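# Analysis of the macromolecular model
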Amino acid sequence: MVNYYVRRTARVFVTIYLVASLTFGLVRLLPGGPFTLLRAQLLRQGVPADEVDARIANLQNIRPDAPLWRQYIDYMGALFQGNLGESISLGEPVVSVLASAAPWTIFVVLVSTILVFVVGIFLGSLQAYWEGSRFDQLVTGVSISLMSVPFYVVAVIALYIFAYQFGWLPTAGTVANGVERELGVPFVVSALKHSVLPILSYTLGAAGGQALAMRGNSIQVLGNDYVQVARLRGLSDRRIATRYVARNAILPMYTGFLLLLGFRLGGTVILEQIFSYTGLGYYMISALNANDYPLMMGTFLVITVALVLGVYVADLTYSKIDPRISAGESDEAY
Amino acid sequence: MDATDPIIEMRNARVTYDDGETFVLDDVSMAVERNEVVGVVGESGSGKSMFASAMLDAIPDPGRLSGEILYHKDDGTTIDVLELSPEELRKFRWEEVAMVFQGAMSSFNPTMKVGGHFEETLKAHDADVIEGMARAEELLADLYLDPERVLDSYPHELSGGMQQRALIALSLVLEPNVLVMDEPTAALDLLMQRSILMLLQELQEKYDLTMVFITHDLPLVAALADRMAVMYAFDLIEVAPRDQLIGDSGHPYTRALLNSTPNLDAPLEEMRAIEGQSPAPINVPSGCSYAPRCPLATEECREVDPEFYETGVGHSTACHHWERARETIDLNFEAVEDDAVGADTEDHA
Ligand SMILES: Nc1ncnc2c1ncn2[C@@H]1O[C@H](COP(=O)(O)OP(=O)(O)OP(=O)(O)O)[C@@H](O)[C@H]1O
Ligand code: SF4
Ligand SMILES: [Mg+2]
């Protein structure tokens, strides 16, 4: 048992270590190298070669003249201390850029993913309860249509209608320009207004998918003997609905929730671009456009680590939540 | 039938799944005596589960049950189960008549401990939980289970036989008068089947239970039952005291069933499959439903559905030619002495 947790935890560290090494490889070894361009630029501007090397070393914690293994150790050592280098385009430490961007992304992803599940579970169980009714057919139809439209299409349409046409909601950013960046009513209101459209468009289609999943799970659970036996035992409808049907139908969706949380973090790269929402995904793309490799690697690293942690937490907690799975059984499940 | 002190009387019970086009329980009447053990046998699909569920008005949706299910309470009053309000029915089930399902393995909520099932059942019926749990522990001990361990386990942590016994204990936790069991041992190995049967016998005596035991395994229930009933094509075709039914049945189908049964003293090679197939609900023939397979079938059989004939003490047989059946269809285990040599040449399956 202990062994299992140790193995799992070790795996997280190994994965993160490998991802970090990968970013080093990309930074240092890609043909053409990310800093070649910058180096050429600086040299053209008449900066002495020594100074150019020093500046690049500062940017990514790599001294181009040192042997490869030395560079690697320096880079990983700096990473380990939380130093992700300096953003070329913003002239700020990558860590501070990420620190200011991450909360927005986490907010949008967390809220929308929770909404996805809450709405999905709610609709799905009602559908199962009234299986075959008009309501069921309607929700199924809407769910399938929504699922077949990618979220960025929904995002663009929502942006066009609610922000540009009606002007009800802001078109870009995380908070309005004039608002003080400190916790207070105007700040929260402005932040919420700016997040409505990103959250909405990131929720709709996925919620349809979860509603269908919940519907299927519930119908399957309803068909089980133990539900019929529970009715015969004279349990109340409410207890059967919650303790029997809902619980057994929701359980299998729990790991999906944590995994989805991780994957949807990656999806913000597109989402935040559409709404010019300055979160992780937004900076990742702007870093890409600006050839800002340190920032790009930083965002990449953070998103990957979040995904790995999502899987890790899902793994460790699922056995606690579903008594049928004892830790270790689900070992190679994903 | 010679009903003296019946506890459940089923009258003209019919179950339909297509608004009366066809019946999967076709006009069944039967009385269950207080404190007796009735064994109901029949092949797969003959309507045994329908018969069992009908006693608690628990036909799976969207089936519809009609007729009368009379329940005679201990205090002498009689209720018609089909007339109860939903709340009265909820109370009736499990307090008066409990049921153990086909497939105990899936009768427990997989994400709830076994003990939780006992507790919620007691609470749902406003019973004293502490007293009830004490009774649960006694029942589990009666069934040779370790009460503490079982109550604190999740269903999947118990073996099939343990789950089965835990389910029997759960069915008795409210001290019902009648226990209806639908193939309670079908998924278990032979040894476990026997031991559960013995446990049931002990429980029946200890708690003065009336039991309706449903199975396709005739010898199994013959060990336990006082009276036996045979189902064929959604209807009862013969009801008799156990020894009477086994030794002197009057229905060709029962006799064929006995002959197809391996271990009633008969050597395995005596086993004779019944030829032909039992009818589906849509094409139950008019007249006697067994006529297409019956060696004694006559024109009369095909035209007139046989009513129950009185064919012995407490013995009813739905066959026009029950006397001829007794004369012409030999039972294997009677014939063993003079026919044993010939039997040896048959296939050792
Ligand atoms: N939900 C349903 N809808 C329609 N017909 C059904 C339904 N459930 C059962 N039946 C039919 O009712 C008939 C009797 O079924 P029942 O379950 O009582 O058989 P059984 O004797 O218990 O068989 P087994 O030994 O296999 O359990 C079968 O022919 C079956 O096809
Ligand atoms: S009534 Fe006729 S067909 Fe039916 S079992 Fe008797 S002899 Fe056979
Ligand atoms: Mg059955």
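What you are looking at is a predicted structure, and each value in this text was computed from that prediction instead of being measured.

## So, the overall build of chain B
Scanning chain B from N- to C-terminus turns up 13 helices and twelve strands. Going through the 349 residues of chain B one by one, you find that 57% of them count as buried. Summarising the internal contacts of chain B: among those between residues at least 6 apart in sequence, 66% fall at separations of at least 24. Here chain B has roughly 15,000 Å² of accessible surface; of this, 49% comes from carbon and sulfur atoms.

## A closer look at the pairing of strand 4 (residues 64–72) of chain B
All names here are of chain B. Strand direction decides the pairing type here: strand 1 (residues 6–16) and strand 4, joined by seven bridges, are antiparallel. Bridge assignment links Met10 to a residue of strand 4, and that residue is Ile69. Of the strand pairs in this sheet, strand 4 and strand 5 (residues 78–80) are connected by three bridges, and their pairing is antiparallel. Residue pairing across strands places Leu70 opposite Asp80, the latter belonging to strand 5.

## Brief notes about the UniProt feature "domain: ABC transmembrane type-1" (unreviewed entry) in chain A
Under the UniProt annotation, the feature "domain: ABC transmembrane type-1" (unreviewed entry) is placed at residues 102–318 of chain A. Counting secondary structure, residues 102–318 of chain A comes out at 82% helix and 0% strand; the distance between its end C-alpha atoms is 27 Å.

## Digging into the site of ligand 1
Residues and elements named next belong to chain B. Around ligand 1 lies a shell of 14 residues, among which Ser44, Gly45, Lys48, Ser49 and Gln102 are the nearest. Ser44 places a polar side-chain atom, nitrogen or oxygen, 2.4 Å from an oxygen atom of ligand 1. Between ligand 1 and Gly47 there is a distance of 3.1 Å, counted from an oxygen atom to a backbone nitrogen or oxygen. Its free accessible area being 630 Å², ligand 1 has 66% of it covered by the protein chains. With three residues, helix 1 (residues 48–54) is the largest single contributor of residues to the shell around ligand 1.

## Concerning the interface of chain B and chain A
On the side of chain A, 18 residues touch chain B, which itself brings 25 residues to the contact. Interface of chain B and chain A: buried area, both sides summed, is about 1,900 Å²; carbon and sulfur atoms make up 59% of it. Of all residues in chain B, the largest losses of buried area upon contact with chain A belong to Phe101(B), Thr111(B) and Glu120(B), amounting jointly to 29% of the total for that side. At the junction of chain B with chain A, the criterion picks out two salt bridges. Between Arg239(A) and Glu120(B) there is a salt bridge whose closest N-O contact spans 2.5 Å. Here chain B is connected to chain A by 13 residue pairs in polar contact (both at pLDDT 80 or more).

## Some words on the side chain of Thr210(B)
Residues and elements named next belong to chain B. Mapped onto the fold, Thr210 is located in strand 8 (residues 210–215). A polar atom in the side chain of Thr210 sits 2.8 Å from the backbone nitrogen of Asn35. Residues contacting Thr210, with those up to four places away along its chain left out, are Ile7, Val32, Glu33, Arg34, Asn35, Glu36, Asn177, Val178 and Leu179.

## Some thoughts on helix 10 (residues 237–274) of chain A
Compared with the 56 Å implied by 1.5 Å per residue over 38 residues, the 46 Å span of helix 10 of chain A between its first and last C-alpha is markedly short. Taking the largest bend as the criterion, helix 10 of chain A deviates by roughly 40°, centred on Gly267(A).

## Describing the sheet that holds strand 7 (residues 178–182) of chain B
Residue and element names in this part refer to chain B. One open sheet accounts for eight strands, arranged 6-7-8-3-9-10-12-11; its pairing is mixed. Each having just a single partner strand, strand 6 (97–100) and strand 11 (309–312) make up the two edges of the open sheet. Averaged over all neighbouring strand pairs, the angle between strand axes comes to 20°, with direction disregarded. Bridging between strand 9 (residues 227–232) and strand 10 (residues 235–241) involves six bridges; their strand directions are antiparallel. Residue pairing across strands places Arg227 opposite Pro241, the latter belonging to strand 10. Here helix 7 (residues 190–207) sits on the sheet and contacts strand 3 (37–41), strand 7 and strand 8; the angle it forms with strand 8, its principal contact strand, is near 160°.

## Looking at the pattern of salt bridges
One side chain can pair with another of opposite charge once the charged atoms of both are near each other. Residues and elements named next belong to chain B. The final tally for this structure, using the stated rule, is 22 salt bridges over all chains. The shortest N-O distance in the salt bridge between Asp26 and Arg14 comes to 3.9 Å. Taken as a pair, Asp26 in strand 2 (residues 23–33) and Arg14 in strand 1 lie far apart in primary sequence, twelve residues in all. Among the residues examined, Asp26 registers a relative accessible area of 26% and is labelled partly exposed. Here Arg14 falls in the partly exposed class, since its relative accessible area comes to 27%.

## Points about the environment of Tyr253(B)
Residue and element names in this part refer to chain B. Relative to the helices and strands, Tyr253 resides in helix 10 (residues 252–259). Beyond its immediate sequence surroundings of up to four residues, Tyr253 is in contact with Glu43, Val230, Met231, Tyr232, Ile237, Ile274 and Tyr290. For Tyr253, the side chain forms a polar contact with the side chain of Glu43, separated by 2.8 Å.

## Concerning the packing of aromatic side chains
Per the counting criterion, the structure on display carries 17 aromatic pairs over all chains. Ring centres of Tyr232(B) and Tyr253(B) lie 4.5 Å apart, and the angle between their planes is 50°; this geometry places the pair in the tilted category. Placement of Tyr232(B) in strand 9 and of Tyr253(B) in helix 10 is noted, with a sequence separation of 21 residues between them. Grouped by ring-pair contacts, the aromatic residues Phe24(A), Tyr72(A) and Tyr75(A) constitute a single cluster. The side chain of Arg264(A) reaches across the aromatic face of Tyr202(A), ending 4.1 Å from its centre. When the ring centre of Phe23(B) is taken as reference, the NZ or CZ atom of Arg14(B) above it lies at 4.3 Å.

## Quick notes on the domain arrangement of chain A
Accessible area lost when the parts come together is the quantity often used to give the size of an interface. Domain boundaries in chain A define domain 1 (4–80) and domain 2 (99–291). A C-alpha centroid distance of 37 Å is found between domain 1 of chain A and domain 2 of chain A.

## So, the packing of helix 4 (residues 129–142) of chain B against helix 7 of chain B
All names here are of chain B. Running from amino to carboxyl end, helix 4 crosses helix 7 at an angle of 135°, the nearest separation of the two axes being 10 Å. The orientation of helix 4 relative to helix 7 falls into the category oblique. Residues Glu138, Leu139 and Asp142 of helix 4 touch helix 7, and the partners they reach there are Leu199, Glu202, Leu203, Lys206 and Tyr207. Within the contact of helix 4 with helix 7, the residues separate by chemical class into four nonpolar, no polar and four charged.

Reading guide: rules and limits
Residues numbered from 1 in each chain as written. Chains lettered and ligands numbered in written order. Predicted model: local features only at pLDDT ≥ 70, side-chain atom pairs only at ≥ 80, totals over all residues. Heavy atoms only, no water. Helix = DSSP H or I, 4+ residues; strand = E, 2+ residues; numbered from the N terminus. Buried < 20%, exposed > 50% of the residue type's maximum accessible area, 1.4 Å probe, protein only. Contact = heavy atoms within 4.5 Å. Areas by Shrake-Rupley, 256 points an atom, 1.4 Å probe, with all protein chains shown as cover. Pairing = 2+ DSSP bridges. UniProt positions renumbered as here; feature names shortened; annotations may be inferred. Near = heavy atom within 4 Å. Polar contact = N/O pair within 3.5 Å; in protein donor to acceptor, adjacent residues only side chain to side chain. Buried area = accessible area lost by both parts, 1.4 Å probe. Salt bridge = Lys/Arg side-chain N within 4 Å of Asp/Glu carboxyl O. Expected span 1.5 Å × (residues − 1). Bend = angle between axes of the 7 residues up to and from the residue. Axes fitted to C-alpha atoms, helices over the stretch in contact; angles between N-to-C directions. Phe/Tyr/Trp six-rings, centres within 6.5 Å; stacked < 30°, edge-to-face > 60°. Lys NZ or Arg CZ within 6 Å of the ring centre and 35° of its normal. Domains from an automatic or database assignment. Parallel < 35°, antiparallel > 145°, perpendicular 65-115°, else oblique. Nonpolar A, V, L, I, M, F, W, Y, C, P; charged D, E, K, R; others polar.

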